[in-house]
Amino acid sequence: MNYARIVGTGGYLPEKVLTNADLEQLIDTTADWIVERTGVEERHIAAPDETTCDLAEKASRLALQAAGLEPADIDLIILGTTTPDHVFPSVATQLQHRLGCYGGPAFDVQAVCTGFVYALDIANRFIRTDAAKRALVVGADTFTRIINWKDRGTCILFGDGAGAVVLEAADEPGIIDCQLGADGRYKKLLWVPAGVSSGYEQTREEAAFVEMRGSEVFKVAVTTLKDIAERILSAHQMTVADVDWLIPHQANRRILAATAKRLGLPEERMVDCVRTHGNTSAASVPLALDVAVRDGRIQRGQTLLLEGFGGGFTWGAALVKY
Ligand code: ACO
């Protein structure tokens, strides 16, 4: 049986940085309040003419470079996003065109902040069943495009970015397992009411932007992130003691701290980019992975636990031998 192994990672954050001091000029808040409640100090914002595909391309080229591969080596592209450049075609097909590696399947996955973990699971299955040899798996979002900058409960949290990994078929794991889940009953805790089929012309102008019931999202996120970690570890007769690095969705510093505490995992073994990235939706997990690979914290042979959680709600965990 084939396994899929991560052979390269890449990440990209747009140049423009929006600090908490900048937000103090926009909304009724203080930098201290934002740091204390969320841990975010700054986030990156895509330029007006910079799209999700632009971010995805930059992260993908870096991941290919790290893998020592050319675009032509890729035979599958799966991209998690909630903020595609167009209603259609998908960002993945346009990324394929930018890279010039035509012919293999390329498609987007919509699972909001869990988009990358969903995409990773699907790509893993393609490789394990011999339907692909080398896959580019991307999480990319210009999430701030769907933020209401008058809503102080949401605009403080989110930023833009992209992260990518290259997966390659291998004799040994690699990806040990991925487990996904969803519960659509939570739709209105975190959603954008407007849409293609529901209509963009809603009665309220704000309907085109993210609406969130923050404290309720917080509670479900913490419980779910703990539960999915324990479930995937116990399925493989492992415990948190076997995990070298937890790479959770970078939702909020307090969510990360509460998750680590409930799991009994020392925070030093958790990758935390919340302070400088904010919540970059589908990009958050691969961006955090790339940061810790490039700064040398993550080493070959270590065991990683990746976790996503997002609107829907959706969630997913991936257990990886790096
Ligand atoms: N500055 C100052 N005050 C604020 C701000 C702000 N930016 N935002 C809200 N407040 C006020 C509220 O109006 C409220 O005032 P009130 O008591 O007078 O009504 C008070 O602060 C407390 O509000 P809460 O919403 O209860 O504050 P909480 O401690 O829950 O923090 C926050 C809000 C930061 C949004 C928190 O709930 C949170 O982080 N939730 C999780 C959200 C999240 O991570 N979402 C994404 C996860 S899933 C995904 O990534 C798609």
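Bear in mind the structure is a predicted one, so any value in this text is a computation, not a measurement.

Caption draft 1: Spatial organisation of the overall build of the protein. Scanning the protein for helices and strands turns up 9 helices and 13 strands. Computed over the C-alpha atoms, the radius of gyration of the protein is 18 Å, within 12% of the 20 Å expected from 2.2 N^0.38 for a compact globule of 322 residues. Summarising its shape, the C-alpha atoms of the protein cover approximately 55 × 45 × 35 Å along the three principal directions. The burial tally for the protein puts 55% of its 322 residues in the buried class. Restricting to contacts in the protein with at least 6 residues of sequence separation, those with at least 24 account for 75%. On the protein, roughly 13,500 Å² of surface is accessible, and the fraction owed to carbon and sulfur atoms is 50%.

Caption draft 2: Focus on the packing of helix H6 (residues 214-235) against helix H7 (residues 253-263). Between H6 and H7, the least distance of the axes is 9 Å, while the angle of their chain directions is 40°. It follows from the interaxial angle that H6 and H7 lie oblique. Every pair of crossing elements has a handedness; the one defined by H6 and H7 is right-handed. On H7, the residues that touch Phe218, Ala221, Val222, Thr223, Leu225, Lys226, Ala229 and Glu230 of H6 are Arg254, Ile255, Ala258, Thr259, Arg262 and Leu263. A per-class count over the contact of H6 with H7 returns 8 nonpolar, 2 polar and 4 charged.

Caption draft 3: How the structure looks around the packing of helix H3 (residues 52-67) against helix H4 (residues 91-99). Between H3 and H4, the shortest axis-to-axis distance is 10 Å and the interhelical angle comes to 55°. What the angle tells us is that H3 and H4 run oblique. Here the hand of the crossing between H3 and H4 comes out right-handed. Residues Thr52, Cys53, Asp54, Ala56, Glu57, Ser60, Arg61 and Leu64 of H3 form the contact with H4, whose own contacting residues are Val91, Gln94, Leu95, Arg98 and Leu99.

Caption draft 4: Molecular detail of the packing of aromatic side chains. On inspection of all chains with the given rule, the structure shows 4 aromatic pairs. Summarising the aromatic geometry, the rings of Phe107 and Phe126 are spaced 6.3 Å apart at their centres and angled 40° between planes, so their arrangement reads as tilted. Taken together, the positions of Phe107 in strand S5 (residues 106-109) and Phe126 in helix H5 (residues 115-128) put the pair 19 residues apart, joining distant regions of the chain. Here Phe126 falls in the partly exposed class, since its relative accessible area comes to 22%.

Caption draft 5: Examining the site of the ligand more closely. Taken together, 25 residues surround the ligand, and among them Thr29, Arg37, Cys113, Asn252 and Asn279 come closest. One nitrogen or oxygen atom from the main chain of Ser215 is found 3.4 Å from an oxygen atom belonging to the ligand. Take Asn279: an N or O atom from its side chain is 2.6 Å from an oxygen atom of the ligand. Relative to its free-state accessible area of 1,000 Å², the ligand is covered by the protein chains to the extent of 73%.

The rules we used
Residues numbered from 1 in each chain as written. Predicted model: local features only at pLDDT ≥ 70, side-chain atom pairs only at ≥ 80, totals over all residues. Heavy atoms only, no water. Helix = DSSP H or I, 4+ residues; strand = E, 2+ residues; numbered from the N terminus. Rg over C-alpha atoms; globule rule 2.2 N^0.38 Å. Buried < 20%, exposed > 50% of the residue type's maximum accessible area, 1.4 Å probe, protein only. Contact = heavy atoms within 4.5 Å. Areas by Shrake-Rupley, 256 points an atom, 1.4 Å probe, with all protein chains shown as cover. Axes fitted to C-alpha atoms, helices over the stretch in contact; angles between N-to-C directions. Parallel < 35°, antiparallel > 145°, perpendicular 65-115°, else oblique. Left-handed = near helix turned anticlockwise from the far one by under 90°. Nonpolar A, V, L, I, M, F, W, Y, C, P; charged D, E, K, R; others polar. Phe/Tyr/Trp six-rings, centres within 6.5 Å; stacked < 30°, edge-to-face > 60°. Near = heavy atom within 4 Å. Polar contact = N/O pair within 3.5 Å; in protein donor to acceptor, adjacent residues only side chain to side chain.

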